[in-house]
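Structural characterization, general
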Amino acid sequence: MGYRGRLAPSPTGFLHLGHAKTFWHAQERCRERTGQLILRIEDLDPARCRPEFCDAIVDDLRWFGLRWDEGPDLGGSFAPYVQSERRGLHVAVWETLRAGGFIYPCACSRRDVIEAAGAPHGDDDEPIYPGTCRPKHDGSIADSQREGVSWRFRVPDGETLRFLDGNSGAQNAVAGREFGDFLVWRKDDVPAYQLAVVADDHAMEITEVVRGADLLRSTFRQLLLYRALGFAAPAFCHAPLVTDASGKRLAKRDAALALRTLRAEGISPEAVRTQTCSGGL
Ligand code: GLU
C-alpha cells in the first residue's frame, strides 16, 4: 500500500502559523513519497466547533498552497471529509471496545477528575484519572448504555509503550504513570478525540500521522486503541510547536499570527512559507 497522509484540523478558530508549518510539512512528506493526502475536519466538539471556521480553514489551506487528493468532488477540487458525518463508524468502534472489556462507564466530571488528580500532567490536557469508577476486574460491561455517562479505556498499568517518532526518534511512556485511563466517549454522547481519530485514521488507511508535538502523549493512548481493536498502527511524526516572540505556544485565540491576518496584511503565502517552513522541522 502506498503512503497516505492526512491534515486533521479542528474548526475551533482560525489557522495560525503553527498549523501552517505542520500541514506544509505533512504535505511535503506525502509528496516526497508520491502519496495521497486527505483533509478531515475534526468537528466533534459541539461546544467549541463552528461551521464558519470550517469554511475559513478550507479557504486558508488553499491560499497557503495546500492541496488534498480525495473527498467529495467539487468539480476540480475536493471537499474535506467531515468527522461528525462518520458517527456510525465511531459507534461501531465503541461497541467493539465495550464487548472486548477494554472500556468502562465513568460518572466523574472533568472537574471531579482535576480535583482528585491534582494539576494536569505537564503540557498534556488530560489529567491522570484517579480510578474512581474503574471496575476492580477486567471484563466486558454487558448491559450499560452508552448515553448518560462517559466511557474510559483501562490502560495496562506499569506497561511501557514505545514508538519511533519520524521527527524525534524513540519515545516511551509508562501507562498508569505518565498517562491514565482516558476518555473514549463523552457524557454528552459525542465520541472522544482518541476514539474518533483512531477509527478514522484506520478507516481512511492512513500510513503516517504528521501532527503537532502537543499530541505526542496522545499517541501512546492511540497505540493502545489500535492494539485493542486489532488494527495495525500508522507511523507517527510530531512537529515541534511554533512559539511567539515571548516563547509562548501559538493558540487559535491569538489573532496576530493567524493566516487570515497575514493574508489581510498583504503578505504572500510564499513569504510565509519561506519564513516558517523552510529548513524542515
Ligand atoms: N484535530 C486535532 C487538532 O486540531 C488534531 C488531531 C490529530 O492530528 O491527530 O488539534
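The paragraphs below set out a description of the structure included in this document. Predicted model, so just to flag it, every value in this text is computed and none were measured.

Some thoughts on the environment of K252
Checked against the element boundaries, K252 lands in the loop between β10 (235–239) and α7 (259–264). Judged by its relative accessible area of 26%, K252 is partly exposed. Put simply, K252 and R31 are 221 residues apart on the chain and 27 Å apart in space, counted from C-alpha to C-alpha.

What to know about the sheet that holds strand β2 (residues 36–41)
Here we have three strands laid out as an open sheet, ordered β1-β2-β3, and parallel in their pairing. Sheet topology places β1 (4–7) and β3 (81–82) at the edges, where each strand pairs with a single neighbour. Bridging between β2 and β3 involves two bridges; their strand directions are parallel. Note on β3: the bridge partner recorded for I41 is V82.

A closer look at the sheet that holds strand β8 (residues 182–185)
Spatial ordering of the open sheet is given by β4-β5-β8, a layout of three strands whose pairing is antiparallel. The open sheet has two edge strands with one neighbour each: β4 (103–106) and β8. Ignoring which end each strand starts from, the neighbouring axes of this sheet average 45° apart. Looking at chain direction, strand β5 (residues 150–153) and β8 are connected through three bridges and run antiparallel. Considered in β8, the bridge of R152 is made with L183. Helix α3 (residues 87–99) rests against β4, β5 and β8 of the sheet, and its axis sits at about 125° to β8.

Considering the site of the ligand
Surrounding the ligand, one finds R6, A8, S10, E42, Y193, V197, R211 and L215. Separating a nitrogen atom of the ligand from a side-chain N or O atom of S10 is a distance of 2.8 Å. In the environment of the ligand, an oxygen atom lies 2.7 Å from a nitrogen or oxygen atom belonging to the side chain of Y193. Expressed as a share of its isolated accessible area of 300 Å², the protein-covered part of the ligand is 80%. Taken together, the residues of the shell around the ligand break down into four nonpolar, one polar and three charged.

Things to note about the packing of helix α1 (residues 17–32) against helix α8 (residues 269–277)
In helix packing, the relevant descriptors are the interaxial angle and the interaxial distance, both defined with respect to the helix axes. Contact geometry of α1 with α8 gives a least axis separation of 10 Å together with a crossing angle of 80°. When the axis of α1 is compared with that of α8, the two are roughly perpendicular. Where α1 abuts α8, its residues L17, A20, K21 and W24 lie against V272, R273, T276 and C277. For the contact of α1 with α8, the per-class residue count stands at five nonpolar, one polar and two charged.

Side note on the packing of α3 against helix α6 (residues 216–229)
The contact between α3 and α6 brings their axes to 10 Å, and the two run at 75°. Of the possible angle classes, the one that applies to α3 and α6 is roughly perpendicular. Judged by residue contacts, V93, T96 and L97 of α3 engage L225, A228 and L229 from α6.

What counts as what
Residues numbered from 1 in each chain as written. Predicted model: local features only at pLDDT ≥ 70, side-chain atom pairs only at ≥ 80, totals over all residues. Heavy atoms only, no water. Helix = DSSP H or I, 4+ residues; strand = E, 2+ residues; numbered from the N terminus. Buried < 20%, exposed > 50% of the residue type's maximum accessible area, 1.4 Å probe, protein only. Pairing = 2+ DSSP bridges. Axes fitted to C-alpha atoms, helices over the stretch in contact; angles between N-to-C directions. Contact = heavy atoms within 4.5 Å. Near = heavy atom within 4 Å. Polar contact = N/O pair within 3.5 Å; in protein donor to acceptor, adjacent residues only side chain to side chain. Areas by Shrake-Rupley, 256 points an atom, 1.4 Å probe, with all protein chains shown as cover. Nonpolar A, V, L, I, M, F, W, Y, C, P; charged D, E, K, R; others polar. Parallel < 35°, antiparallel > 145°, perpendicular 65-115°, else oblique.

It is worth stressing that arrangement in space is one thing and function is another; only the former is reported here.
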